[in-house]
Amino acid sequence: DQSVPEQLEGSRVARLDAQRGHGGLLRASHLAEGDLGRGESLERAACQSVAALTDAEEWNAAWSVAEGFSCLPGGANASAMGHAVLLHRRRQFDRVWNVVRHLDDERLATYIPVEAVDAALAAGTDEARKRALAIAAHAEAMDPAVLVDLAGRFLVVGERARAAGLVAELRRRPSIEL
C-alpha cells in the first residue's frame, strides 16, 4: 500500500509532468505530504499545495497537482478545489463556478470561501448569488481576513445585510480590533 503522497508522486499526471522536466511537482508533493502528515484533509492539502505553486508561478505544476488529487481515493472534491484555486489565481472567475458549484456550501466555506464567493458572484445568476450568500453564512469557520474580504465583496454587489453580518461576526470575536 502506498501513502497518499506516494500515490500523488506516482500518478500518471505526475509522471507526465516529470517527463516534461518540471520540478514544481516534486515540491508540491512534499508540501502535500507535510499537510497530510499533520492530519490535514485532502481538500486542505490540495488547496495549500496549489496555492503555493501558483504563488511561485508554477502554473503547470499547480494544474498537475490539482489533477493528481483526483486519482486518489476520495480525492475528487480536493481536485475540484485545487482547480478552483488555480483558476481563481489566474483570474478566470467565470470558469471557477462550473468546477465547484456541485460542492456543498459548508465545504466551500471551510476550504475556499473567497474563491467560491467570487465564482458564484461572477456567474451572475440568481441561484449562484444565493449560493454566495449561503457560503458566507458559515462565517464562524472563516479567518478574520476572509471575513473582511467577503464583506467588501458583498458591499460592492449591494448585499449590505450579508456584509453587516460578516462584520458583526468579526466584532463578536474577542481578539479583533477594527
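Refer to the structure above for everything that follows.
Report follows, based on the coordinates.

### Some points on the pattern of salt bridges
And then number 1: Counted according to the given criterion, the structure contains eight salt bridges.
And then number 2: Glutamate 159 serves as the salt-bridge partner of arginine 129, at 2.8 Å between the closest nitrogen and oxygen. Placement of the pair is arginine 129 in helix H10 (residues 126–136) and glutamate 159 in the loop between helix H11 (144–156) and helix H12 (160–172), with a sequence separation of 30 residues.
And then number 3: A salt bridge links arginine 172 to glutamate 169, with the shortest nitrogen-to-oxygen separation between them at 2.7 Å. Of this pair, arginine 172 and glutamate 169 both sit in helix H12, separated by three residues, roughly a single helical turn.
And then number 4: Each of Glu43, Asp104 and Arg107 takes part in a single network of salt bridges with overlapping partners.

### Topic: the side chain of aspartate 118
And then number 1: Of note, aspartate 118 is situated in helix H9 (residues 113–123).
And then number 2: By relative accessible area, aspartate 118 is classed as buried at 13%.
And then number 3: At 2.4 Å, the side chain of aspartate 118 forms a polar contact with the side chain of arginine 153.
And then number 4: Beyond its immediate chain neighbours, meaning those up to four positions away, aspartate 118 contacts His88, Phe93 and Arg153.

### Some remarks on the nonpolar core
Across soluble globular proteins, nonpolar side chains have a tendency to be buried as a group.
And then number 1: Phe69, Val100, Ile112, Leu150, Phe154 and Leu166 are the most contacted members of the largest nonpolar core, which has 47 residues in total.
And then number 2: Setting aside residues up to four positions removed in sequence, phenylalanine 154 forms contacts with Val117, Ala132, Leu133, Ala136, Glu159, Arg160, Arg162, Ala163 and Leu166.

### Concerning unusual backbone geometry
And then number 1: Although it is not a glycine, glutamate 57 adopts a positive phi angle of roughly 60 degrees.
And then number 2: If you trace the backbone, glutamate 57 turns up in the loop between helix H4 (42–55) and helix H5 (59–69).
And then number 3: Judged by its relative accessible area of 60%, glutamate 57 falls in the exposed class.
And then number 4: Phi at arginine 91 takes a positive value of approximately 65 degrees, unusual for a residue other than glycine.
And then number 5: Among the structural elements, arginine 91 can be located in the loop between helix H6 (76–89) and helix H7 (93–100).
And then number 6: Owing to a relative accessible area of 63%, arginine 91 belongs among the exposed residues under this scheme.

### Description of the packing of H4 against H6
And then number 1: The interhelical angle for the contact between H4 and H6, taken along N-to-C directions, is 25 degrees, at an axis separation of 8 Å. Our classification of the angle between H4 and H6 gives roughly parallel. As H4 packs across H6, the resulting crossing turns out to be right-handed. From H4, Leu42, Glu43, Ala46, Cys47, Val50, Ala51, Thr54 and Asp55 reach across to H6, where they touch Asn77, Ala78, Met81, Gly82, Val85, Leu86 and Arg89.

Cut-off values and rules
- Residues numbered from 1 in each chain as written.
- Predicted model: local features only at pLDDT ≥ 70, side-chain atom pairs only at ≥ 80, totals over all residues.
- Heavy atoms only, no water.
- Salt bridge = Lys/Arg side-chain N within 4 Å of Asp/Glu carboxyl O.
- Helix = DSSP H or I, 4+ residues; strand = E, 2+ residues; numbered from the N terminus.
- Buried < 20%, exposed > 50% of the residue type's maximum accessible area, 1.4 Å probe, protein only.
- Polar contact = N/O pair within 3.5 Å; in protein donor to acceptor, adjacent residues only side chain to side chain.
- Contact = heavy atoms within 4.5 Å.
- Core = buried A, V, L, I, M, F, W, Y, C linked by side-chain atoms within 4.5 Å.
- Axes fitted to C-alpha atoms, helices over the stretch in contact; angles between N-to-C directions.
- Parallel < 35°, antiparallel > 145°, perpendicular 65-115°, else oblique.
- Left-handed = near helix turned anticlockwise from the far one by under 90°.

Nothing here speaks to function; it is all geometry.
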